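Survey of secondary and tertiary structure
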Amino acid sequence: GYVNLAADGNYRAAQDILHQNITLPASIGRVCPAPCEEKCRRNFVDDEPVSIREIKRFIGDWALEGDQLGEIPGIVENGKKVAVVGGGPGGLSAAYFLRLKGYSVTLYEKENKLGGMMRYGIPDYRLPQPILDRETQWLVDHGINVKLNTALGKDITLDSLKTENDAVVLAMGCWKSMPMRVPGEDLAGVLAGIDFLYKVNTAQDVSIGKRVAVIGGGNTAMDAARSALRLGAEKVSVIYRRSREEMPAEDVEIEEAIEEGVEFIFLAAPKAIEGTGKVERIVCEKMILGEPDASGRRKPIPTGETFTLDVQTVIAAIGQRSDLSSLPANIHDGKRIVVNDHFATPIEGVFVCGDQKTGPDIAIAAIGSGHWTAESVHHYI
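Residues numbered from 1 in each chain as written. Predicted model: local features only at pLDDT ≥ 70, side-chain atom pairs only at ≥ 80, totals over all residues. Heavy atoms only, no water.

Along its length, the protein chain carries 15 helices and 15 strands. Per-residue burial over the protein chain gives 51% buried out of 381 residues. In the protein chain, once contacts between residues fewer than 6 apart in sequence are set aside, the share between residues at least 24 apart is 68%. Accessible surface computed for the protein chain: about 17700 Å², of which carbon and sulfur atoms make up 48%. In the protein chain, 42 positive and 53 negative side-chain charges are present, and the distance between their average locations comes to 3 Å. (Helix = DSSP H or I, 4+ residues; strand = E, 2+ residues; numbered from the N terminus. Buried < 20%, exposed > 50% of the residue type's maximum accessible area, 1.4 Å probe, protein only. Contact = heavy atoms within 4.5 Å. Areas by Shrake-Rupley, 256 points an atom, 1.4 Å probe, with all protein chains shown as cover. Lys, Arg positive; Asp, Glu negative; His and termini not counted. Charge placed at Lys NZ, Arg CZ, Asp CG, Glu CD.)

Right, dumping it as structure tokens:
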């Protein structure tokens with residue numbers, strides 16, 4: 001619908017249609033890997049898809065430039081209250097669609113700004129924060145109550161939220177980095193990918209030296225590598241245990257990293273990080289690819305052959321998971337929150353969305369999940 005309206009030059013109507021299902025179009029139009037375009041049937045006719053993501057970005061930018069994000073409708077209050085924990089793309093989406101249905105929504109965010117991983121896990125060169133600021137503010141202007149610097153387990157509890165509301169939505173994201181499980185990863189100079197990007201995005205002083213190794217093959221690894229160059233590193237090496245064909249990062253992200261001077265070392269995995277009190281070198285083991293594993297990608301097999309790189313910083317971007325320490329034991333299995341197909345947990349009236357349901361995923365998936373969670377909460381109440 002919005003693609004056809006955009007083609008006709010009816011940008012305002014295209015924006016209105018987008019907002020029926022999508023929040024943050026100008027932001028998501030910049031960072032989404034566009035899985036929809038891989039499925040676009042024009043691939044079979046034109047050998048290329050409709051530019052679904054870029055048209056979304058164009059419409060979002062048109063709205064921002066003309067200050068025409070859309071009219072905020074008159075909302076009929078239904079007398080029910082919902083708490084949403086987490087102000088990232090999933091939580092914002094759930095809050096917005098619940099608010100449109102007349103719920104009094106309070107959004108709790110542990111940071112001092114909304115946006116979640118889109119703000120703190122994506123560098124500004126990909127998503128300028130003023131764009132995210134304006135789009136999130138438009139959502140809040142629908143009458144969403146926002147409480148910043150408020151963390152679950154520290155400032156509020158799940159029990160108190162349940163008592164005060166008719167339902168609770170957990171949308172905290174995956175902020176805990178997966179360990180590499182190699183000797184020396186506790187040395188000074190070893191950083192978790194998401195922690196590194198958080199410090200970069202909050203303008204904290206990050207000393208990384210001249211030679212940096214980034215472990216991993218996803219978009220977080222690409223963002224970390226390119227950010228390290230921008231901080232003054234002279235040589236940044238991305239170490240990935242499979243081949244380029246198996247890398248989960250977008251091709252465009254890989255190509256742009258190569259253009260900027262990032263070195264890629266494929267078929268290698270960290271074996272040890274060495275140094276006296278701080279990182280001085282990383283020992284890697286060469287790998288070969290075997291048969292496909294559960295992920296569908298060929299499994300990396302150690303060869304026993306090693307090599308060493310002299311580095312001052314190692315950034316581990318091999319995966320993320322949720323921090324479940326603030327939640328009761330009957331809601332999770334130690335790794336993930338237990339949730340059914342309706343986004344509901346074993347605790348009555350408590351729902352989840354975004355990464356809390358899927359594990360680490362792309363932002364558009366969190367936005368869609370937030371929408372479905374809002375529907376589920378509405379049906380529940």
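This paragraph deals with the pattern of salt bridges. Overall, the coordinates contain 25 salt bridges when judged by the stated rule. Linking K110 and E111 is a salt bridge whose minimum nitrogen-to-oxygen distance equals 2.7 Å. (Salt bridge = Lys/Arg side-chain N within 4 Å of Asp/Glu carboxyl O.)

Moving on, we get to the packing of aromatic side chains. One pass over the full model with this rule turns up nine aromatic pairs. Ring centres of Y11 and F58 lie 5.0 Å apart, and the angle between their planes is 80 degrees; this geometry places the pair in the edge-to-face category. Taken together, the residues span a long stretch of sequence, with Y11 in helix 2 (residues 11-18) and F58 in helix 6 (residues 52-65) at a distance of 47 residues. The class for Y11 is partly exposed, based on a relative accessible area of 24%. Aromatic rings pair up to connect Y11, F58 and W62 into one cluster. The residue whose ring lies beneath R230 is Y125, and the NZ or CZ to ring-centre distance is 3.8 Å. One cation-aromatic arrangement involves K357 over F343; the distance from NZ or CZ to the ring centre is 5.0 Å. (Phe/Tyr/Trp six-rings, centres within 6.5 Å; stacked < 30°, edge-to-face > 60°. Lys NZ or Arg CZ within 6 Å of the ring centre and 35° of its normal.)

Next up on the list: the packing of helix 11 (residues 193-201) against helix 12 (residues 219-230). Relative orientation of the contacting elements helix 11 and helix 12 amounts to 45 degrees, with a least axis distance of 10 Å. Between helix 11 and helix 12, the interaxial angle falls into the category oblique. Crossing hand, helix 11 versus helix 12: left-handed. Along its contact with helix 11, which presents G193, F196 and L197, the element helix 12 presents T220, D223, A224, S227 and A228. Looking at the contact of helix 11 with helix 12 residue by residue, the classes come out as four nonpolar, three polar and one charged. (Axes fitted to C-alpha atoms, helices over the stretch in contact; angles between N-to-C directions. Parallel < 35°, antiparallel > 145°, perpendicular 65-115°, else oblique. Left-handed = near helix turned anticlockwise from the far one by under 90°. Nonpolar A, V, L, I, M, F, W, Y, C, P; charged D, E, K, R; others polar.)

A word on the packing of helix 12 against helix 13 (residues 251-260). Put simply, helix 12 and helix 13 touch, their axes get as near as 10 Å, and they point 20 degrees apart. Classified by the angle their axes make, helix 12 and helix 13 are roughly parallel. Pair helix 12 / helix 13 crosses with left-handed handedness. In contact with N219, M222, D223, R226, L229 and R230 of helix 12, helix 13 contributes E253, I254, E256, A257 and E260.

With parallel pairing, the five strands of this open sheet are ordered in space as 6-13-7-8-9. The open sheet has two free edges, formed respectively by strand 6 (190-192) and strand 9 (263-266), since each of these has just one partner strand. Between one strand axis and the next, the sheet turns through 20 degrees on average, direction left out of account. Bridge count for strand 6 against strand 13 (residues 313-316) is three bridges, and the pairing is parallel. Looking at the pairing, V190 lines up with V314 of strand 13. (Pairing = 2+ DSSP bridges.)

Because side chains alternate across strand 13, one face comprises the buried residues T313 and I315, and the other comprises V314 and A316, equally buried. Here strand 7 (residues 211-215) pairs with strand 13 via four bridges, running parallel. Along strand 13, the bridge assignment pairs I215 with A316.

Right, let's talk about empty space enclosed by the protein for a bit. Counted according to the given criterion, the structure contains one cavity of 30 Å³ or more. Taken as a whole, the largest cavity encloses approximately 40 Å³ of empty space. For the lining of the largest cavity, the elements supplying multiple residues, two or more each, are strand 7, strand 8 (235-240) and strand 12 (298-310). (1 Å grid on protein atoms, 1.4 Å probe; cavity = no way out; pocket = protein on both sides within 12 Å on 5 of 7 lines; lining within 4 Å. Points joined across faces, edges and corners; volume = space filled by probe spheres on them.)

Attention now goes to the environment of I315. Mapped onto the secondary structure, I315 falls in strand 13. Residue I315 is classed as buried on the basis of its relative accessible area, which comes to 0%. When sequence neighbours within four positions are dropped, the list of residues in contact with I315 reads L191, A192, G193, F196, V212, A213, V214, I215 and A224.

What follows covers unusual backbone geometry. Positive phi, normally seen in glycine, also occurs at L267, with a value near 55 degrees. One can find L267 in the loop between strand 9 and strand 10 (268-274). The exposure class assigned to L267 is partly exposed, which follows from its relative accessible area of 29%. In this model, F343 sits at a positive phi of 70 degrees, which is unusual for a non-glycine residue. For F343, the position within the fold is in the loop between strand 14 (320-321) and strand 15 (350-352).

To continue, consider the sheet that holds strand 10. Adjacent strands of a sheet pair through backbone hydrogen bonds, lying either parallel or antiparallel. Pairing within the open sheet is antiparallel, and its three strands lie in the order 10-11-12. Two strands bound the open sheet, and with one partner strand each, they are strand 10 and strand 12. With strand direction ignored, the average angle separating the axes of adjacent strands in the sheet is 20 degrees.

Glancing now at helix 9 (residues 129-140). Its 12 residues give helix 9 an end-to-end C-alpha distance of 16 Å, which sits within 8% of 16 Å, the value for a rise of 1.5 Å per residue. The complete set of buried residues in helix 9 reads Q129, I131, L132, E135, T136, W138, L139 and V140. Residues of helix 9 that are buried in the fold lie against helix 3 (25-31), helix 6, helix 7 (89-100), helix 8 (117-120), strand 3 (145-147) and helix 11. (Expected span 1.5 Å × (residues − 1).)

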